[in-house]
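# Structural overview
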Amino acid sequence: MRQRRPVHFGRIRSQATASNSTNGNKPMAWTFLCTVEITNFSELRRLLGVTEAAQVIDEVAERISSLLPAARIHPTGRASLEFGFESDNREALDATLELTLKRLAASPESAECGYRLDVALAGVACRLAVADEVRIAEAIEAAAAVARREHRIVIYDLDDATGSLDRAGLNRDLAGAIARGEMCLHYQPKLHVRRQEVTGVEALVRWRHPERGLIYPGDFIPAAEEARVIADLTLWTLDQVITDQRRLAAAGHDLEIFINISGQLLNDAGFIAEACHRVRTANGKIGFEITETSVIRDPETAIAHLREIAAIGVPIAIDDYGAGLSSLAYLKQLPARELKIDKMFVIQLTSSNRDPLIVRSTIDLAHAMEMEVTAEGVETQAALALLSVMGCDMVQGFLISRPVPFDVLLEFLAAELPIAHSAPTKGAFNQPASFWKRA
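Residues numbered from 1 in each chain as written. Predicted model: local features only at pLDDT ≥ 70, side-chain atom pairs only at ≥ 80, totals over all residues. Heavy atoms only, no water.

## Considerations on the overall build of the protein chain
A count of helical and extended segments in the protein chain gives 18 helices and 17 strands. With 439 residues in all, the protein chain has 52% of them scored as buried. When contacts within the protein chain are restricted to residue pairs at least 6 apart in sequence, long-range pairs at least 24 apart make up 70% of them. When the accessible surface of the protein chain is summed, it comes to about 20,000 Å², and 51% of that surface belongs to carbon and sulfur atoms. (Helix = DSSP H or I, 4+ residues; strand = E, 2+ residues; numbered from the N terminus. Buried < 20%, exposed > 50% of the residue type's maximum accessible area, 1.4 Å probe, protein only. Contact = heavy atoms within 4.5 Å. Areas by Shrake-Rupley, 256 points an atom, 1.4 Å probe, with all protein chains shown as cover.)

This is the structure:
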């Protein structure tokens, strides 16, 4: 049996945190509570035995403690734990959970014993000044349930009061958000693997709420659908993309820009006609991304509208492929040019036994159907190298760039172009932290 160093569960605080919640001279503005759940614990118990499997959560705690010495770690079950910490900036939560996922996926203990560690990660952010333990506890339970169900990192920001926490308020505020100029776009580059250059970007809408700060689409798109303003929001996005694409062309960047189309809109003949008219008039290189599950609502109407869109030359990409119940019956009917593999299969590509098989077979299937393949969630050079060997066409993820505002995208592209063919792993593909802080 392996020897393990003891882990102290409880209130582990660094000297900085204990001293009036400060970091140097900076006051700690945010408190965070996170959960880690081993989702394949039953499999580990069969593989390792009851005693050894019970100690895996201790190993998880050790790695979190080494990553975040100031964390307060509390076991919540034989396969789960919570940890809390404070920071002076909100972005610390996102960075910590992403790093935690990488650290756990690269666990040497699991490599020694030949097992894969699958985890569900969730986090809640709250300003210290208004921290409410009951509200935080309710939010982390809700976030953990979504993380477990959707196999992705889920973050609830109580300062935003988004999602199910304040859906009525969002519905009310959304009505005039576009007119008030509160919406904005961030762009995430897509790297063409063989050409080693950025050939397209995905436009992602954000809401700069005057009171709640930056709200992400996963929190307000459902509200936009409920409030019946999703068509207006998508047409605003399309118009902004058309403007930004012209600015990109003026700067010497000939890139395709893809926007996301809600499943609700695929059945709206009026929206489809208006969107097609605007794309034709703009004569730009604009594509539409849809999820496969969005077609299921009314397959006959949705597929007819997608064919209408494809007929005018608009490329269609199937987003998040594999995240839902993927159906070849629908896939073969969709006039799609591109298939995007969901990041849940890519994040652990180099540490899982099954994920590489799924990804490789998906790439081969898409190529047989004359579609290009984009892998989402690429975060390591090892994953990029493996995808390249598998024949993946394009990649998208934090290794290349996180979603950034338009001005930062221009900086990124200006830095990337001169070195695209000579040194693809340097320059813009490996920008220092100071570059991204300007985003």
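Once you've had a look at it, read on.
## Structural notes on the pairing of strand β14 (residues 338-341)
Along β14, one buried face is formed by Glu-338 and Lys-340 and the opposite face, lined by Leu-339 and Ile-341, is buried too. Sheet topology places strand β13 (residues 316-321) next to β14; 3 bridges connect them, and they run parallel. Looking at β14, one finds that Tyr-321 is bridged to Ile-341. Where β14 lies against strand β15 (residues 372-376), 4 bridges are found, and the strand directions are parallel. What sits directly across from Lys-340, in β15, is Thr-374. Crossover connection from β14 via helix α15 (residues 355-368) to parallel β15: handedness right-handed. (Pairing = 2+ DSSP bridges. Right-handed = clockwise from strand over helix to strand, strands pointing away.)

## What about unusual backbone geometry?
Positive phi is not limited to glycine here, since Gln-196 has a value of about 55°. With respect to the helices and strands, Gln-196 occurs in the loop between β8 (183-192) and β9 (197-209). Classification of Gln-196 as buried rests on a relative accessible area of 18%. The backbone phi angle of Glu-370 is positive, close to 60°, even though this residue is not glycine. Tracing the chain through its elements places Glu-370 in the loop between α15 and β15.

## A short note on the pairing of strand β7 (residues 154-157)
The side-chain alternation of β7 yields two buried faces, one formed by Val-154 and Tyr-156 and the other by Ile-155 and Asp-157. Looking at chain direction, strand β6 (residues 119-127) and β7 are connected through 4 bridges and run parallel. Along β7, the bridge assignment pairs Val-124 with Tyr-156. In this fold, the crossover linking β6 to β7 by way of helix α7 (residues 133-150) has left-handed handedness.

## What to know about the confidence of the model for the protein chain
With 83% of its residues at a pLDDT of at least 70, the protein chain reaches an overall mean of 82. By mean pLDDT, helix α1 (residues 15-18) is the weakest element of the protein chain at 32, and strand β11 (residues 256-260) is the strongest at 97. Ignoring residues within four places in sequence, the model shows residues 417-439, a span with pLDDT below 50, making 42 contacts including any to other chains. (pLDDT = per-residue confidence, 0-100.)

## Considering helix α12 (residues 269-282)
Along an α-helix, a turn takes 3.6 residues, which lines up residues three or four apart on a common side. Relative to the 20 Å expected for 14 residues at 1.5 Å per residue, α12 spans 20 Å between its end C-alpha atoms, a close match to the ideal helical length. Taken together, the buried positions of α12 are occupied by Phe-271, Ile-272, Ala-275, Cys-276, Val-279 and Ala-282. Projected onto a plane normal to the axis of α12, the buried residues spread over an arc of 135° and lie on a single side. Among the structural elements, α10 (230-250), α11 (263-266), β12 (286-291) and α13 (299-311) are those in contact with the buried residues of α12. Where α12 begins, one side-chain oxygen reaches toward the backbone nitrogen of Gly-270, 3.1 Å away; that side chain belongs to Asp-268. Following α12 by one or two positions, Asn-283 has its phi on the positive side, about 55°. (Expected span 1.5 Å × (residues − 1). Arc of directions from axis to C-beta. Polar contact = N/O pair within 3.5 Å; in protein donor to acceptor, adjacent residues only side chain to side chain.)

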